[in-house]
Amino acid sequence: MKAYLSDRMGAALLMAPLLLFLGAAYAWPFFGVVNWSFTLPEPGLGQYGTLLSDPLVQSVFVRTLRIAAIVTIVSVAAAYAITVVWVRGTPAQRVIAEFCILVPFWISVLTRAFGWVALLSNRGLFNTWLQAIGFISEPLTLVRNEFGVIVGMTHFLIPFAVFPLASSMRSLDDRVLLAARGLGSSRMRTFWSVFVPMTRSGIIGSALIVFVFSLGFFVTPAILGGGRSVMVAELIYLRIFQSPDWGLGAAISVVLVLFVGALMALVFRYVRPRQLI
Amino acid sequence: MPTYRPGPVSLILAALVALFLLLPLLAVIPVSLTPTRMLAMPSGELSLRHYRALIEDPRWINSILLSIRIGVFSSAFSTVLALCFSLGVWMFQPRFTAALVGFVLLPMVVPPVVSAITLYFLLTSISGASSFFGYDTWLGVAMAHAVMTVPFATVLILVSLSQLDRRIDLAARGLGATVWERATRIIMPNIKFGIVTAALLSFVLSWEEIGVTLFITSVNAITLPRLMWMGLRDNIDPAIAALSVILIIITVLVLAARSAVVRLRRAQ
């Protein structure tokens, strides 16, 4: 009995500091934000009414969902292509693929967004080069619009999409693929009818990660969108700092959290979290 | 044993993706060497003036030092908290472990912008009571970064604990070691690689944190990413290109060193 008590004491003493810290510095202020959404500027559900009726807010939500969907499809497809080589390539191919995945992964989001500005802006590498070879006379507008945002976000999210795909491809049994080939299936057919279906949990996992990340994305859209294609996260920032309406910013945050939570609950009903990692 | 290798179509597609991933990192190199004051491709002449600006302009130095201070502080804080918590989970396996770990992981799962507005609420509330701990102070930023990095540190330490053989701890316990001795002399030496990795990752995450930092700083606590952000939003300053080149080179060197160490270990 004494040992049992000291065990409980030990566990409590070790686990309490972090739980108290996050309780005070994360859970409590989150409820403060929820409180803002119901009380600013006046008590009531007014801000949630605005969310449902304001065409600006709605257009931002629609744009966010559209961009997130496009980015998810493109990132997962691109990640799939490079992961196949990273997991199944020859040793030399693996080293190169790993380098191309991990170097961007470890570089800050600002540097990467800046790289795209340097590449795509009016006086950037791409436009300078196209003009030099006489392909275009006026620079193309490639950033400060939705195209730039999609390119930058896809670039940021490909490495994140790679990891769940890699783990599902690693656990795949080689002999199944060799059997398909041995039975006369072509390379293409083996890939589409055997390889892809067997990595389904990895595809779902990486699509979920990319989609959830894109919904709350801030830095890349703010830099590459140039204020012209505002997404939800930037709208929250603008409502807090530029045209102060803290209640609306808080209400959008609450809706975003609920949406992401519901999405994850939905996916986890069909796929166990363990399969995703 | 024969293995199933990717065919030519796969290789071509993967090469295109690899090119896409590396292109923006390569594009900053020529921009950083431009002799003009604006963002442009150098035409003919090359110049190192933007690299010089990084050393000579006190704003860059100050924000680099500030970012290091915040990174060291928040990484130490979050690693210690994460280590204690994970030891508690592993040694005592209390009830509700799944729910408690889930709670600790929240800042990693919740959209960063929501964490940002939450921490903004926290720090502006504290600001009323204390002037050196709230909004736009380095301690406030360090605390906010600790909130954001502690889930990552916890995951890394829990993963390395899960690979540890429980019988070592049971033996120590059976021989009469106290909880403190078991934690510090049996368990921690066996997971030191995980602890160091957790501290390093926390530092790196704090060093490049921008989403939350934007919400909780204005003029005093200008970290390096915050300064880069200011230079990116208004008039694009080519000094950012020079800084980016340096950061990219450091990243490549560290990754190369890491993979060399891994290969050496395997060879032994």
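Small disclaimer: the values here were computed from a predicted structure and weren't measured.

Trainee: So what's going on with helix α3 (residues 58–92) of chain B? Which residues, and what values?
Mentor: In an α-helix, one turn spans 3.6 residues, which is why side chains three or four residues apart end up on the same side. The first and last C-alpha atoms of α3 of chain B sit 51 Å apart over 35 residues, in line with the 51 Å expected at 1.5 Å per residue. Count one or two residues on from α3 of chain B and you reach Gln-93 of chain B, which has phi positive near 40 degrees.

Trainee: Account for the domain arrangement of chain A, naming residues and giving values.
Mentor: Residues and elements named next belong to chain A. Each assigned domain of chain A is listed with its residue range as follows: domain 1 (1–38) and domain 2 (48–276). Using C-alpha coordinates to define each centre, domain 1 is positioned 34 Å away from domain 2. Each partner contributes to the interface: domain 1 provides four residues, whereas domain 2 provides six residues. Its residues assigned to classes, the side of domain 1 that touches domain 2 shows three nonpolar, one polar and no charged.

Trainee: If you had to explain the UniProt feature "transmembrane region" (unreviewed entry) in chain B to someone new, which residues and values would you point to?
Mentor: All names here are of chain B. The feature "transmembrane region" (unreviewed entry), as annotated in UniProt, sits at residues 64–92, 99–123, 138–159, 193–219 and 239–261 in this numbering. Measuring from the first to the last C-alpha atom of residues 64–92 gives 41 Å, for a span that is 100% helix and 0% strand. With 100% helix and 0% strand, residues 239–261 has end C-alpha atoms that lie 33 Å from one another.

Trainee: A description of the packing of helix α1 (residues 8–32) of chain B against helix α12 (residues 239–267) of chain B should follow, citing residues and the corresponding values.
Mentor: Residues and elements named next belong to chain B. Close contact between α1 and α12 brings their axes to 8 Å; oriented N to C, the two are set at 135 degrees. Between α1 and α12, the interaxial angle falls into the category oblique. Crossing handedness for the pair α1 and α12: left-handed. Here Leu-25, Val-28, Ile-29, Val-31 and Ser-32 of α1 come into contact with α12, specifically with Ala-241, Ala-242, Ser-244, Val-245 and Ile-248. Residue composition of the contact of α1 with α12, by class: eight nonpolar, two polar and no charged.

Cut-offs applied
Residues numbered from 1 in each chain as written. Chains lettered and ligands numbered in written order. Predicted model: local features only at pLDDT ≥ 70, side-chain atom pairs only at ≥ 80, totals over all residues. Helix = DSSP H or I, 4+ residues; strand = E, 2+ residues; numbered from the N terminus. Expected span 1.5 Å × (residues − 1). Domains from an automatic or database assignment. Contact = placed C-beta atoms within 7 Å. Nonpolar A, V, L, I, M, F, W, Y, C, P; charged D, E, K, R; others polar. UniProt positions renumbered as here; feature names shortened; annotations may be inferred. Axes fitted to C-alpha atoms, helices over the stretch in contact; angles between N-to-C directions. Parallel < 35°, antiparallel > 145°, perpendicular 65-115°, else oblique. Left-handed = near helix turned anticlockwise from the far one by under 90°.

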